[in-house]
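One letter stands for each residue in the lines below.
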Amino acid sequence: MSVRLPRARRARLSLLTAGTASFALLATACGGSGGGTSAAPEDFSYLSVTENTTVKTALTTMSKGACEAANDALPLKVETVPQASLDQKLQLLAGQNALPVQFAAGNAPALTQQLAKSGKVADLEKELKSLGVLDQLEPAAVSTIKALYGGELQVLPYEYNIEGIFYNKKLFQENGLKVPDTWEELGAAAAKLESKGVQPFSASGQQGWPLTRLISGYLYRSLGPDALQKVADGKAKLTDPEYVKAAEEVAELGEKGYFGKGVGSIDYDTAMNEFLNGKAAMFYMGSWALANISDDEQNKVGAENVGFMPFPAVSGGKGSIDQYPSNVGLGITLSAESFDEKTGDWVSCIAKNYGSTALKDHGSISGFKVNTEVKDANEVTTQVRDTISSSKQNVLWFEALFSTKATTVSQTNAASLVAGSMKPEQFMQTVQDALAAE
């Protein structure tokens, strides 16, 4: 997501939203191709987000191993910012013609598309083809990227994720629960866990998107895989009764206390720790969480006690449980201005080696091919990889097709929805208004 680990407080989000409105002016002032003459880069500068440690750690490992020659010619230099500040940082750097060689793309695809239209993002399909490494990207990952970014390959798939519900096998067994197949069964399981003093779900209300993912999950199961595409195309509105129904169902989980106390103040790391410490039985998340689950220091319940299930079916719905939300995590792209031969050497090495490095060292799944045999860290990693291979159709997440403004509005208000301070119809109206304003 994503999207994926914003650590914002609302004041920062307000700044981020305001910054988006000024980006068009910045891009225009710079000229269509970024303006001016750029010098060859002195290092392989990489702007990452503080919350995502896997990519920068893997790149650092590669800089001392498989990509040592590329690093000698163009040394890796990593800078990080909180993800909540990322969009604003990118807008400012773009306006100054100072984007790094490689950088985490915006929190919503819309910002990357704006950067690409102003000539600031490298044509990665063209560059990878020229380097002879386009075939090192998994076709499913390329398809997902193009679905998100207007039919173009604008980011690299350092992650390839499907989403679903991780669950604590031991807690399920102790409470006589089977894996829920339907939304009704999920609710019944949550009710039983709650009655036994076990928090059913862990979720970050501070980030918001872990809650809105539940709304889109319900929409895809009830209305089918084109539910949110219809909204994007203007053929449906979030305020339509069948769309409000999804928000009502998720709000009801909050009303019953299934997310625990103070969900609005829970950040991503805290939510992850609640699940990995056995304080919550279920955790809706993407497969990027496998890196945390595979880490014995973080995972106190043990990877052997973690299972993965699809978002359950909605009775009478048009969707299917083998349709998984998929994404490429926080997309990472490259600057058009600084893509030279030395940058190409780095990118070529990444394409050939990143998939194996990420899986071997971090237990994380990327959209790059794995070119060496790597044994999965645990059973749940194998389960997720098998699920990816057998998935018949992928869908997107709630804000995937939203504008930057609507994304911020949605995620900022999600906690209020499950806390009961914002009614479902009001939540959907607020997001729909933000969509209409763009």
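Parameters at a glance
- Within each chain, residue numbers correspond to sequence positions counted from 1 in written order.
- Predicted model: local features are reported for residues with pLDDT of at least 70 only, side-chain atom pairs are reported and counted for 80 or more only, and whole-chain, interface and lining totals are derived from all residues.
- The basis for every side-chain value is the complete set of heavy atoms in the structure, and neither hydrogens nor water enter the calculation.
- Each residue's exposure class comes from its accessible area (1.4 Å probe, protein chains only) as a fraction of the maximum for that residue type: buried when under 20%, exposed when over 50%, partly exposed otherwise.
- In this text, helices come from DSSP runs of H or I with a minimum length of four residues, and strands from runs of E with a minimum of two, each type numbered from the N-terminal end.
- Strand pairing follows a simple DSSP-based rule, namely that at least 2 bridges must link the two strands.
- For this document, the term salt bridge refers to a Lys or Arg side-chain nitrogen within 4 Å of an Asp or Glu carboxyl oxygen.
- Angles run from 0 to 180 degrees between N-to-C directions of axes, and those axes are lines fitted to C-alpha atoms, restricted for helices to the stretch in contact.
- Working definition: roughly parallel below 35 degrees, roughly antiparallel above 145 degrees, roughly perpendicular at 65 to 115 degrees, and oblique for all remaining angles.
- By convention the crossing between two helices is left-handed if the near helix lies anticlockwise of the far one by an angle smaller than a right angle, and right-handed if it lies clockwise.
- It only takes one pair of heavy atoms within 4.5 Å for two residues to be counted as in contact.
- Charged means Asp, Glu, Lys or Arg here, nonpolar means Ala, Val, Leu, Ile, Met, Phe, Trp, Tyr, Cys or Pro, and polar covers whatever is left, Gly included.
- Expected span of a helix: the number of residues minus one, times 1.5 Å.
- The directions considered for the arc run from the helix axis to the C-beta atoms.
- Paired rings are identified among Phe, Tyr and Trp, the last through its six-membered ring, by centres lying within 6.5 Å, and are further divided according to the angle between planes into stacked (under 30 degrees), edge-to-face (over 60) and tilted (the rest).
- Here a polar contact is taken to be a pair of N or O atoms separated by no more than 3.5 Å, where protein atoms must pair a possible hydrogen donor with a possible acceptor and residues adjacent in sequence count only if both atoms sit in side chains.
- Residue-level confidence of the predictor, termed pLDDT, takes values from 0 up to 100.
- Disulfides are defined as cysteine sulfur pairs within 2.5 Å.

**Student:** Describe the pairing of strand E7 (residues 306-309), naming the residues involved and giving the relevant values.
**Tutor:** Residues of E7 alternate between two faces, with Val306 and Phe308 on one and Gly307 and Met309 on the opposite face, all of them buried. As paired elements, strand E4 (residues 161-168) and E7 share four bridges and run antiparallel to each other. Bridged to Phe166 within E7 is Phe308.

**Student:** Give me the lowdown on the pattern of salt bridges, citing residues and values where you can.
**Tutor:** Considering all chains together, one arrives at eleven salt bridges under this definition. Close ionic contact of Lys178 with Glu185 constitutes a salt bridge, the shortest N to O distance being 3.2 Å. Given the relative accessible area of 52%, Lys178 is considered exposed. Overall, the relative accessible area of 31% leaves Glu185 in the partly exposed class. Across the pair Lys360 and Asp361 runs a salt bridge whose closest N-O atoms are separated by 3.6 Å. By sharing partners, the salt bridges in this structure join Lys178, Asp181 and Glu185 into a single network.

**Student:** Residues and numbers for the sheet that holds strand E3 (residues 102-104), please.
**Tutor:** Spatially, E2-E1-E3-E9 is the arrangement adopted by the four strands of the open sheet, whose pairing is mixed. On the outer flanks of this sheet lie strand E2 (76-81) and strand E9 (332-334), each paired with one strand and no other. On average, adjacent strands in this sheet sit at an angle of 20 degrees to one another, irrespective of strand direction. Where strand E1 (residues 44-49) meets E2, six bridges bridge the pair, whose relative direction is parallel.

**Student:** Summarise the packing of helix H2 (residues 54-63) against helix H15 (residues 341-362); cite the residues concerned and give the values.
**Tutor:** Direction vectors running N to C along H2 and H15 enclose 115 degrees, while the axes themselves pass 9 Å from each other. Taken as axis vectors, H2 and H15 run roughly perpendicular relative to one another. Two packed elements cross with a definite hand, and for H2 against H15 that hand is right-handed. Each of Thr54, Val55, Thr57, Ala58, Leu59, Thr61, Met62 and Ser63 in H2 lies in contact with H15, whose residues at this interface are Trp346, Cys349, Ile350, Asn353, Tyr354, Thr357, Asp361 and His362. Classifying every residue of the contact of H2 with H15 gives eight nonpolar, seven polar and one charged.

**Student:** Provide a residue-level description of helix H18 (residues 424-436), including the pertinent values.
**Tutor:** Taking 1.5 Å as the rise per residue, H18 with 13 residues should run 18 Å; its terminal C-alpha atoms sit 18 Å apart, in good agreement. Within H18, the full set of buried residues consists of Pro424, Phe427, Met428, Val431, Gln432, Ala434 and Leu435. Projected onto a plane normal to the axis of H18, the buried residues spread over an arc of 155 degrees and lie on a single side. Where H18 is buried, its residues contact helix H10 (209-223), helix H11 (227-232), helix H12 (241-255) and helix H17 (404-419).

**Student:** Would you mind going over the packing of aromatic side chains in detail, with residue names and values included?
**Tutor:** Inspection of the entire model under this criterion finds 15 aromatic pairs. Between the aromatic rings of Phe201 and Phe259, the centroid separation amounts to 5.7 Å while the plane-to-plane angle is 40 degrees, which identifies the pairing as tilted. Of the two residues, Phe201 is situated in strand E5 (residues 199-201) and Phe259 in the loop between H12 and helix H13 (268-276); the sequence distance between them amounts to 58 residues. The exposure class of Phe201 is buried, given its relative accessible area of 5%. What makes Phe259 buried here is its relative accessible area of 4%. Ring plane angle 75 degrees and centroid distance 6.4 Å describe the contact between Tyr284 and Phe311, whose orientation is recorded as edge-to-face. Note that Tyr284 is positioned in strand E6 (residues 280-286) and Phe311 in the loop between E7 and strand E8 (323-327), a separation of 27 residues in sequence. Through a chain of ring-to-ring contacts, three or more aromatic side chains come together here, namely Trp183, Tyr218, Tyr284 and Phe311.

**Student:** Give a detailed account of the side chain of Lys120, specifying residues and quantitative values.
**Tutor:** Checked against the element boundaries, Lys120 lands in the loop between helix H5 (109-117) and helix H6 (124-131). In this structure the side chain of Lys120 is engaged in a polar contact, spanning 3.3 Å, whose partner is the backbone oxygen of Ala94. A distance of 3.2 Å separates the side chain of Lys120 from the side chain of Asn97, its partner in a polar contact.

**Student:** Residues and numbers for the confidence of the model for the protein, please.
**Tutor:** Averaged over every residue, the pLDDT of the protein is 89; the share at 70 or more is 91%. Below a pLDDT of 50 lies the segment residues 1-37, which in the model reaches 91 contacts outside its immediate sequence neighbourhood of four places, other chains included.

**Student:** Tell me what's going on with the state of the cysteines, and back it up with residues and numbers.
**Tutor:** Put plainly, a disulfide is one covalent bond tying together the sulfur atoms of two cysteines. Scanning all chains against the criterion turns up one disulfide. There is a disulfide in this structure between Cys67 and Cys349, and the S-S distance comes to 2.0 Å. Taking the torsion about the S-S bond as the criterion, the Cys67 to Cys349 disulfide, at about -100 degrees, is left-handed. Of the two residues, Cys67 is situated in the loop between H2 and helix H3 (68-73) and Cys349 in helix H15; the sequence distance between them amounts to 282 residues.

**Student:** Give a detailed account of unusual backbone geometry, specifying residues and quantitative values.
**Tutor:** Residue Asn97 is not a glycine yet carries a positive backbone phi of 55 degrees. Residue placement: Asn97 occurs in the loop between helix H4 (83-95) and E3. Using a relative accessible area of 34% as the deciding quantity, one classes Asn97 as partly exposed.

**Student:** Let's hear about the side chain of Ser335: which residues, and what values?
**Tutor:** With respect to the helices and strands, the residue Ser335 is situated in the loop between E9 and H15. Its relative accessible area of 5% is what places Ser335 among the buried residues. A polar contact of 3.3 Å, which involves the side chain of Ser335, links it to the backbone nitrogen of Glu337.

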